[in-house]
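# Chains, contacts and geometry: an overview
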Amino acid sequence: MTKTKKIVALLVVVAMLFTFVAAIAACAEPHECGHVCETCHKCTDATCEDKVCADKCEGHGSETTHTCKHVCATCGKCTDAACQDAACAQKCPGHQQQGGSHECKHVCSVCNKCQDTCTDSACAQKCETTCPGNPDYDDGKGGADEKGTEANPFTIAEAIAKCTELGLADKAYSTDYYWVKGIVKGEVAVNNASKGAYGFDMVDEEGDTTIIKTYYMYLAEGVDLPAAHDTVLVYGKIQNYYGTVEITAASSDEVQSEVKQIVEVGISTITAVENDYATINLSKTQGENRTSFTFTVTVTDEGYELVSAKVNGVKVEDTDGTYTGTINGDTKVSVELKQKGAADPVLVATLDLKASDLQFTTSSTVNTYTGNGITVTNEKGSASSWYTPSAGQAQRFYASTNITFAYTSAFKYVVLTCESGKATLGSTTGAGLTITEESTTRQITITLDSAADSFTLTKIAVQVRIEKVEVYA
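Residues numbered from 1 in each chain as written. Predicted model: local features only at pLDDT ≥ 70, side-chain atom pairs only at ≥ 80, totals over all residues. Heavy atoms only, no water.

## Quick notes on the environment of Val180
Relative to the elements of secondary structure, Val180 occurs in strand S1 (residues 173-192). Measuring from C-alpha to C-alpha, the distance between Val180 and Phe154 comes to 4.6 Å, with 26 residues separating the pair along the chain. Excluding its chain neighbours within four sequence positions, the residues that come into contact with Val180 are Pro153, Phe154, Thr155, Ile156, Ala159, Met202, Ile212, Val232, Leu233, Val234 and Ile247. (Helix = DSSP H or I, 4+ residues; strand = E, 2+ residues; numbered from the N terminus. Contact = heavy atoms within 4.5 Å.)

## Observations regarding the pairing of strand S11 (residues 304-311)
Both S11 and strand S15 (residues 331-339) contribute to a ladder of seven bridges, which runs antiparallel. Within the sheet, the bridge partner assigned to Lys310 lies in S15 and is Ser334. Across three bridges, the pairing between S11 and strand S12 (residues 314-316) is antiparallel. Directly across from Val311, in S12, lies its bridge partner Val314. (Pairing = 2+ DSSP bridges.)

## Overview of helix H2 (residues 156-166)
Within an α-helix, residues lying three or four positions from one another point in the same direction, as the helix has 3.6 residues per turn. All of the buried residues along H2 are Ile156, Ala159, Lys162 and Cys163. Down the axis of H2, the buried side of the element spans an arc of 120 degrees, and every buried residue falls inside it. Exposed residues pointing more than 90 degrees away from the buried face of H2 are listed as Thr164 and Glu165. Residues of H2 that are buried in the fold lie against S1, strand S2 (197-203), strand S3 (212-219), strand S4 (231-241) and strand S5 (244-248). (Buried < 20%, exposed > 50% of the residue type's maximum accessible area, 1.4 Å probe, protein only. Arc of directions from axis to C-beta.)

## Some thoughts on the packing of aromatic side chains
Considering all chains together, one arrives at 15 aromatic pairs under this definition. With a centroid separation of 6.3 Å and an interplanar angle of 70 degrees, the aromatic rings of Tyr387 and Tyr398 are classed as edge-to-face. Highlighted residues: Tyr387 in the loop between strand S19 (374-379) and strand S20 (395-397) and Tyr398 in the loop between S20 and strand S21 (402-418), separated in sequence by eleven residues. There is no split in this pair, since Tyr387 and Tyr398 are both buried. Following the ring pairs from residue to residue traces out a cluster consisting of Tyr177, Trp179 and Tyr235. A cation over a ring is seen here: Lys260 above Tyr235, with NZ or CZ 5.4 Å from the ring centre. (Phe/Tyr/Trp six-rings, centres within 6.5 Å; stacked < 30°, edge-to-face > 60°. Lys NZ or Arg CZ within 6 Å of the ring centre and 35° of its normal.)

## Focus: the environment of Gly186
For Gly186, the position within the fold is in strand S1. When the C-alpha positions of Gly186 and Asp201 are compared, they lie 6.9 Å apart, and in sequence the two are 15 residues distant.

## Quick notes on the pattern of salt bridges
Evaluation of the coordinates by the stated rule reveals twelve salt bridges. Asp230 is the partner of Arg290 in a salt bridge, and the nearest nitrogen-oxygen pair spans 2.8 Å. Highlighted residues: Arg290 in the loop between strand S9 (286-288) and strand S10 (292-299) and Asp230 in the loop between S3 and S4, separated in sequence by 60 residues. Residue classification places Arg290 among the partly exposed residues on the basis of a relative accessible area of 27%. Judged by relative accessible area, which is 0%, Asp230 ranks as buried. Shared partners join several salt bridges into a network, and the residues in it are Glu305, Lys338 and Asp344. (Salt bridge = Lys/Arg side-chain N within 4 Å of Asp/Glu carboxyl O.)

Here it is as structure tokens:
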């Protein structure tokens, strides 16, 4: 071989070596897709066979309609969180990921049913268009800006006017549901303890005498039980209950009435009930409902000792001499004392006024109830109405009547357990008597300054309905 041929052969070998090295270097570098779709971030180059580009774009151009390839078998929505195509805008909330344990994310605030097209069994009950909470609900009154809606609730005056406008007969309900905003006035009554249903009066401004009543009002999820002075938003039908306007719902209605929101927490007073032999020292005299306060008790007469301290009639215990109570509307703090060396009062007799075998006599002016040594006498006095007793229910004692409680021997106090909503004597007073009331337990305690075998409440201020009388001596 000539020298020239050897040189040529060597150059060929070197060129082939460089080509081989370059090929190895190219294979060693990872492939980076240069054709990424801006919508789904997948490869748009149909000819590229590199594994990095194995997931191909389905096509989002104006000439191609995107078809979702990741459809959830349960709700029919896209399970591909990365895909941003408009056709895949509605994403599955996670049926497949949760293994079938589906939680509805589209619950109606009124009927608590699903407002989505989801076919999961957990969402089988759908919100109907007849429900006021449905986005497609149409009451024919102009939409969300119409008065009586959540966005624009009735005032108390407007709700009363609406009842008049509807021309509802006695005990009749409106067809539609309405939202009403007002301030809670007075006691919150328990209409049904086991079901968690309550009732209370509402006014537009503190001190107003124009009221509407709520009845069988449930609490929406997360809403606390309101108290006097709270501003609340309620939802229900309007009822004309013999001239009294109520916000409620019929027991047969699928959607019940609810307290939807405490709009503004009320400020309530804290009052110490006066006692001749003790001083109650309050940490504050007012505060927001459902907040706490503290107090101490100092017995000022050496001849007496403290038996118990009570907040709204419920006994509370002290910690190192300091008591803690909760503000629940206008709150009263009271104490029970006894003379040193005297025995604690004990329950000596009970009269069940709801008993099916209740013993009573009645006339046009006097009703008398008797049992276990207790006698309760109700005299009509100057009252305009009169009640005929009936066994098996709380007995009614109308305003302006007189009530006498008697026992076969001297006693110190009586406890009256009353029907919810009628568990108060109002402004009723009596010489030598201390009257305390507790709305939660529906009890009225009447304590005598000196033990006696009877006492009389003259011309009671309001109607009270008594279920049970207990005598302590």
